[in-house]
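Geometric and topological summary
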Amino acid sequence: MTSPQRQQTMHGSAQTALYIEDLTVEFDGFRAVDELTLLVDYGGIHGIIGPNGAGKTTVMDVITGVTKPRAGTVLLDRTHDVIGMHLSDRAAHGIGRKFQKPSVFEHLTVRENIALGVREYPDSLLREVLRGGGPAKRARVDEVLDTIALAAVADAEAGTLAHGQKQWLEIGMVLARDPRVLMLDEPVAGMSNTEREATAELLQRLRSPERAILLVEHDMQFVGQVSDRVSVMHEGKLLADGTMDQVTSDPEVVRVYLGR
Ligand SMILES: Nc1ncnc2c1ncn2[C@@H]1O[C@H](COP(=O)(O)OP(=O)(O)OP(=O)(O)O)[C@@H](O)[C@H]1O
Ligand SMILES: [Mg+2]
């Protein structure tokens with residue numbers, strides 16, 4: 001028997017943000033995720049592609065705690081057992097996610113939406129209440145507004161934004177907490193070409209050696225453009241893993257996904 005400490009050092013390298021091993025999720029006996037093993041590294045953008053129902057969103061559901069797996073391991077930084085963590089602990093550990101359907105607060109301004117996501121700084125609570133946040137919090141909100149390129153519409157009600165801008169705002173709400181693991185589920189769905197290009201540029205700005213970005217997206221051109229590494233899922237299993245060129249020339253990937 002190896003000691004727990006010894007095992008932990010075996011779970012990936014120093015770059016490993018998420019270590020997922022033999023993950024299995026069942027819904028009434030149906031295997032939505034089937035013994036999936038996947039390592040997600042810091043510093044890059046990791047794309048997950050695959051047909052509808054492949055289990056992509058379910059993997060994010062497990063990492064965020066929406067769904068309990070039947071079996072398997074998910075470790076953050078090779079040591080923290082994510083599956084056993086409380087929902088609030090996951091956020092405190094820097095796990096952030098933008099869901100498939102955007103859900104901004106339509107009647108709050110863009111700035112207020114982002115402020116909701118900012119982790120509380122140890123400013124005076126009174127000042128927080130009276131002035132809507134201390135200097136550290138306001139600085140963080142401004143920083144996020146710049147990153148998501150919505151500073152010009154900071155005081156507009158979120159409900160007045162275009163579809164693409166709402167998606168960026170929602171990324172901003174997640175970004176406000178400065179997540180170390182950032183999960184994006186279909187961020188460019190329904191976007192125009194111009195919006196998609198702007199989103200590609202936004203994702204480049206989100207890259208950091210201290211952040212791992214997990215991107216689920218059907219738009220292959222977009223995934224290829226922004227991702228360092230791509231995993232292909234099919235029927236809950238990992239079908240291929242590598243660069244976009246490598247996975248798209250894999251005969252199995254062509255057969256079950258690209259050839260349709
Ligand atoms: N809460 C649930 N209860 C029952 N079945 C579910 C549940 N969530 C997902 N499933 C099923 O699990 C499978 C995987 O779903 P999932 O949403 O993870 O796929 P996906 O790869 O994200 O697909 P898409 O590209 O269409 O978003 C599907 O067959 C889906 O119907
Ligand atoms: Mg999905």
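Worth saying up front: this structure is predicted, and the values here are computed from it rather than measured. Each residue is numbered by its place in its chain's sequence as written, counting from 1. Whichever chain is written first becomes A and whichever ligand is written first becomes 1, with later ones labelled in order. Note on the predicted model: pLDDT of at least 70 is required for a residue's local features to be given, and 80 or more for side-chain atom pairs to be given and counted; whole-chain, interface and lining totals, by contrast, use all residues. Only hydrogens and water are set aside; all other atoms, that is, all heavy atoms of the structure, feed into the side-chain values.

Strands pair, by our definition, only if DSSP identifies at least two bridges between them. We count a stretch as a helix when DSSP gives it H or I for four or more residues in a row; a strand needs E for two or more, and each element gets its number in order from the N terminus. On the basis of which strands lie adjacent, the open sheet formed by six strands has the order E6-E7-E8-E3-E9-E10 and mixed pairing. Only two strands of the sheet have a single partner each, and these edge strands are strand E6 (95-98) and strand E10 (237-242). In this sheet, adjacent strand axes meet at a mean angle of 20 degrees when their direction is disregarded. Where strand E3 (residues 45-49) and strand E8 (residues 212-216) come together, four bridges link them in parallel fashion. Pairing of Ile 48 across the sheet is with Val 216, part of E8. Across the sheet, helix H7 (residues 163-175) lies against E6 and strand E7 (181-185), angled at about 170 degrees from E6, the strand it touches most. Throughout, a residue-residue contact means that at least one pair of heavy atoms, one from each residue, lies within 4.5 Å. Inter-axis angles, ranging from 0 to 180 degrees, are taken between N-to-C directions of lines fitted to C-alpha atoms, where helices are fitted over the stretch in contact. Set on the sheet, helix H8 (residues 193-206) makes contact with E3, E7 and E8; between it and E8 the angle comes to about 155 degrees.

With that settled, the discussion passes to the site of ligand 1. The cutoff for a nearby residue is simple: one of its non-hydrogen atoms must lie within 4 Å of the molecule or strand. Ligand 1 sits among 14 residues. The nearest are Asn 52, Lys 56, Thr 57, Thr 58 and His 218. Contacts to ligand 1 include Lys 56, whose side-chain N or O atom sits 2.7 Å from an oxygen atom. Within the side chain of His 218, an N or O atom sits 2.6 Å from an oxygen atom of ligand 1. Under the convention used here, a 1.4 Å probe and the Shrake-Rupley method define accessible areas, while residue burial counts only the protein chains that appear. Considering ligand 1 on its own, with 640 Å² of exposed area, one finds that the protein chains cover 62% of that surface. At the level of secondary structure, the elements contributing two or more residues to the shell around ligand 1 comprise strand E2 (30-41) and helix H2 (56-64). Class assignment for the residues of the shell around ligand 1 results in five nonpolar, seven polar and two charged. Two N or O atoms form a polar contact when they lie within 3.5 Å of each other; inside protein one atom must be a possible hydrogen donor and the other a possible acceptor, and for residues adjacent in sequence the pair counts only when both atoms belong to side chains. Under the convention adopted here, Pro, Cys and the residues Ala, Val, Leu, Ile, Met, Phe, Trp and Tyr are nonpolar, Asp, Glu, Lys and Arg are charged, and Gly plus all remaining residues are polar.

On to the pairing of strand E9 (residues 229-234). Pairing between E3 and E9: four bridges, direction parallel. The residue of E9 that forms the bridge with Ile 49 is Val 232. The sheet contact formed by E9 and E10 spans five bridges and is antiparallel. Its bridge partner lying in E10, Met 233 is registered against Leu 238.

Turning our attention to the sheet that holds strand E4 (residues 71-76). With antiparallel pairing, the four strands of this open sheet are ordered in space as E2-E1-E4-E5. The sheet terminates laterally at E2 and strand E5 (80-81), the two strands that pair on one side only. Judged from the eight bridges that link them, strand E1 (residues 16-27) and E2 form a sheet pairing that is antiparallel. For Leu 18, the partnering residue across the bridge sits in E2 and is Val 40. Docked against the sheet, H2 engages E1, E2 and E4, running at close to 110 degrees with respect to E1.

What follows is about the packing of H7 against H8. Running from amino to carboxyl end, H7 crosses H8 at an angle of 15 degrees, the nearest separation of the two axes being 10 Å. With respect to H8, the element H7 is oriented roughly parallel. Like other packed secondary-structure pairs, H7 and H8 cross with a definite hand, here right-handed. Residue-level inspection shows His 163, Gly 164, Trp 168, Ile 171 and Leu 175 of H7 in contact with H8, the latter providing Glu 195, Ala 198, Thr 199, Leu 202 and Leu 206. Residue composition of the contact of H7 with H8, by class: six nonpolar, three polar and one charged. Just so you know how the angles are binned, under 35 degrees is roughly parallel, over 145 roughly antiparallel, 65 to 115 roughly perpendicular, and the rest oblique. Crossings are assigned a handedness: left-handed for a near helix turned anticlockwise from the far helix by less than a right angle, right-handed for a clockwise turn.

By definition, a salt bridge exists where a carboxyl oxygen of Asp or Glu is found within 4 Å of a side-chain nitrogen of Lys or Arg. Following the criterion strictly, the structure yields 17 salt bridges and no others. With its nearest N and O atoms 3.7 Å apart, the salt bridge here joins Glu 26 to Arg 70. One end of the pair, Glu 26, is in strand E1; the other, Arg 70, is in the loop between H2 and E4, and 44 residues separate them in sequence. Residue Glu 26 is classed as partly exposed on the basis of its relative accessible area, which comes to 27%. Between Glu 106 and Lys 166 there is a salt bridge, and its shortest N-O distance comes to 3.3 Å. Working definition: with a 1.4 Å probe on protein chains only, accessible area under 20% of the residue-type maximum means buried, over 50% means exposed, and in between means partly exposed.

Let's shift gears to the environment of Ala 156. Following the sequence through the fold, Ala 156 ends up in the loop between helix H6 (135-147) and H7. According to the relative accessible area criterion, Ala 156 is partly exposed, its value standing at 25%. Counting along the chain gives 47 residues from Ala 156 to Thr 109, while the straight-line C-alpha distance between them is 5.2 Å. Beyond its immediate sequence surroundings of up to four residues, Ala 156 is in contact with Leu 108, Thr 109 and Val 110.

Note that all results are geometric; they support no functional claim without further evidence.
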